[in-house]
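Structure assessment
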Amino acid sequence: MVVRVWLLVYGVFYVVIEMVGHSLESVGWPRITALDVATAVTDAFLTVSVALAVLLALKLGAERWGRSLLPRPDAGEPFEPVREAPIGVRCWRPEPLALPAASPPPVSSRSTYSIGAYTGRRRRVAPSFPEEPGHLL
């Protein structure tokens, strides 16, 4: 395959050189200027680029619409490709470890909601919701 690619590159290079030579010969060798050389090279590369673009478009068109132009096995029934089963994948995560039950948090006598939090006496904790109607002040 590598030999074919190099052969193709050599062929394209040869065609470009021949096109440039033909353009310069049509001008006349004694009267060639730098502008004539630049024009000949630009025209040759433009021609090769357009030719390669057409070949690429034909290849992509054949890949895209080639299957729809092929005759189907059964002319009356639409052809559907055979679908294979999905590929199974093993999980990379390890199994979860069995951890012991968490111990309850320690009950402290100090709480941010305790009444008289800054006194040294025994603290009385305020209820979350008052049981009796009225103000909690």
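Below or above, wherever it landed, is the structure these notes cover. What you are looking at is a predicted structure, and each value in this text was computed from that prediction instead of being measured.

A word on helix α2 (residues 34-69). In an α-helix, one turn spans 3.6 residues; hence positions three or four apart end up facing the same way. Over its 36 residues, α2 runs 51 Å from end to end, which matches the ideal 52 Å to within 8%, given 1.5 Å per residue. Its axis deflected by about 40 degrees at E63, α2 carries its strongest bend there. Within the span of α2, buried status applies to A40, A44, V48 and G61.

This part covers the nonpolar core. V16, V20, L24, A40, A44 and V48 form the largest nonpolar core, which has six residues in total. For this core, the elements supplying multiple residues, two or more each, are α1 (2-27) and α2. If we skip the residues at most four places from it in the chain, V48 touches V12 and V16.

This paragraph deals with a nonpolar patch on the surface. A cluster of nonpolar side chains, namely L46, V50, L52, V54, L55 and L58, defines an oily patch on the protein surface of about 580 Å² accessible area. Note that V54 resides in helix α2. Classification of V54 by relative accessible area gives partly exposed; the value is 47%.

So, how was this worked out
- Residues numbered from 1 in each chain as written.
- Predicted model: local features only at pLDDT ≥ 70, side-chain atom pairs only at ≥ 80, totals over all residues.
- Heavy atoms only, no water.
- Helix = DSSP H or I, 4+ residues; strand = E, 2+ residues; numbered from the N terminus.
- Expected span 1.5 Å × (residues − 1).
- Bend = angle between axes of the 7 residues up to and from the residue.
- Buried < 20%, exposed > 50% of the residue type's maximum accessible area, 1.4 Å probe, protein only.
- Core = buried A, V, L, I, M, F, W, Y, C linked by side-chain atoms within 4.5 Å.
- Contact = heavy atoms within 4.5 Å.
- Patch = residues over 30% accessible without salt bridge, like charges linked within 9 Å, V, L, I, M, F, W, Y side chains within 5 Å.
- Areas by Shrake-Rupley, 256 points an atom, 1.4 Å probe, with all protein chains shown as cover.
- Salt bridge = Lys/Arg side-chain N within 4 Å of Asp/Glu carboxyl O.

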